[in-house]
Amino acid sequence: MIVLRAKAVKFDVTYINLREKPDWFLKISPHGKVPVLDVDGEPLYESNAISEFLDETVKPRLHPEDPVKRARNRAWTDFLPDFAKGLSGIYYTKSKEEVAEGVKAAPARLTKLEQAIARERGNDGPYFNGRALCMVDAGYAPFFQRFAIADSKLKTGVLDAFPLVKAWSKALLSTDEVTGSVAPEFDEAFVANLKRREFYVGTLFDAQSAAAD
Ligand SMILES: N[C@@H](CCC(=O)N[C@@H](CS)C(=O)NCC(=O)O)C(=O)O
């Protein structure tokens, strides 16, 4: 969605309930996962594949022009599932103790990312490659969005030791393409999901204030 928005593509969104996946969705999504992009009746799946398709077919290019830089950007997008595990390992946990373990484990991945930003960018940002939003930004932003909601209650301060990552996350979370990429009730739905799955962080959002947090 961030890539679509960055390229000003006109699109319609259909949200589905992942706990009751409709048949039409299961027919077009082989792994039963979102997102799926329907391009004139051709379903595309896997965020990376969709984003790459959009970058090849719709201007402006979000990937760097320089092939070496582009390859390194792709390498950091490949690191995303591992990185995401570092953050979700903090909030997809069932107790305070598990949160603390997650906080202890996350810096190994955050250090790699901090070093990558320092090395790849060579300027003040605010995005992964500098002044322009790029594909790496689009990949990481959703994970920073989710972490920010959880950490508004956990207050781990885990990003404090990683100033470049922290500033990057802050920039992404105040970028229109990112903030507008989720449904208006996204925060509320995310918190409801944390509660439903009985994660410890869910207990920190009380029923009355969840919608406002
Ligand atoms: N590798 C996939 C992962 C997508 C993914 O995990 N989607 C989750 C929601 S964020 C999903 O559809 N989960 C439903 C399920 O696994 O049943 C991608 O990047 O598109």
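Counting starts from 1 at the beginning of each chain's written sequence and moves along it residue by residue. Only residues with pLDDT of 70 or above have their local features reported here, since the model is predicted, and side-chain atom pairs are shown and tallied only from 80 upward, although totals for entire chains, interfaces and linings are computed over all residues. In computing side-chain values, all of the structure's heavy atoms are included and hydrogens and water are not.

(A) Expanded view of the overall build of the protein chain. Counting from the N terminus, the helices are DSSP H or I runs at least four residues long and the strands are E runs at least two residues long. Within the protein chain, the regular secondary structure consists of 10 helices and 2 strands. Traced from its N-terminal end to its C-terminal end, the protein chain shows the element sequence α-α-β-β-α-α-α-α-α-α-α-α. Taking 2.2 N^0.38 as the reference for a compact globule, 213 residues should give roughly 17 Å; the C-alpha atoms of the protein chain span a radius of gyration of 18 Å, in line with that estimate. Within the protein chain, buried positions represent 41% of all 213 residues. The contact definition used throughout considers only heavy atoms, calling two residues in contact when any of these lie within 4.5 Å. If you take every contact in the protein chain between residues at least 6 apart in sequence, the share linking residues at least 24 apart comes to 64%. To be clear on the numbers: accessible area is Shrake-Rupley with a 1.4 Å probe, and residue cover counts the displayed protein chains and nothing else. Split by element, the accessible area of the protein chain, about 12,100 Å² in all, is 53% carbon and sulfur. Radius of gyration here uses only the C-alpha atoms, and the compact-globule reference equals 2.2 Å multiplied by the residue count raised to the power 0.38. Only protein chains enter the accessibility calculation, which uses a 1.4 Å probe; a residue is then buried when its area is under 20% of its type maximum, exposed when over 50%, and partly exposed in between.

(B) Representation of the site of the ligand in the model. Put simply, a residue is near a molecule or strand once any heavy atom of it comes within 4 Å of that molecule or strand. Lining the immediate environment of the ligand, one finds Leu18, Lys21, Gly32, Lys33, Val34, Pro35, Glu46 and Ser47. In this structure, Val34 approaches the ligand through a main-chain N or O atom, which is 2.9 Å from an oxygen atom. Interatomic distance of 2.9 Å between a backbone N/O atom of Ser47 and an oxygen atom of the ligand. When the free accessible area of the ligand is taken as 510 Å², the share hidden by the protein chains comes to 57%. Grouping the constituent residues of the shell around the ligand by class yields 3 nonpolar, 2 polar and 3 charged. Definition of a polar contact: a pair of N or O atoms within 3.5 Å, with one able to donate and the other able to accept a hydrogen when the atoms are protein atoms, and with sequence-neighbouring residues admitted only if both atoms are side-chain atoms. Three classes are used: nonpolar for Ala, Val, Leu, Ile, Met, Phe, Trp, Tyr, Cys and Pro, charged for Asp, Glu, Lys and Arg, and polar for all others, with Gly counted as polar.

(C) Local environment of the domain arrangement of the protein chain. For every domain, the bounds stem from an assignment made automatically or drawn from a database. The domain architecture assigned to the protein chain consists of domain 1 (2-57) and domain 2 (68-201). Domain 1 and domain 2 are separated by 22 Å when their C-alpha centres are compared. Domain 1 puts 10 residues into the contact, and the matching count from domain 2 is 16 residues. Buried surface area refers to the total accessible area, computed with a probe of radius 1.4 Å, that the two partners give up upon joining, counted for both partners together. Regarding the contact of domain 1 and domain 2, the summed buried area is about 1,100 Å², with carbon and sulfur atoms giving 62% of it. On the domain 1 side of the interface with domain 2, the three residues burying the most area are Ile2, Arg5 and Glu52, jointly 53% of the side's total. Salt bridges are counted wherever a side-chain nitrogen of Lys or Arg sits within 4 Å of a carboxyl oxygen of Asp or Glu. Applying the counting rule to domain 1 against domain 2 returns 1 salt bridge. A salt bridge links Arg74 to Glu52, with the nearest nitrogen and oxygen atoms 2.8 Å apart. For the pair domain 1 and domain 2, the interface holds 4 residue pairs in polar contact (both at pLDDT 80 or more). Broken down by class, the residue content of the side of domain 1 that touches domain 2 amounts to 4 nonpolar, 2 polar and 4 charged.

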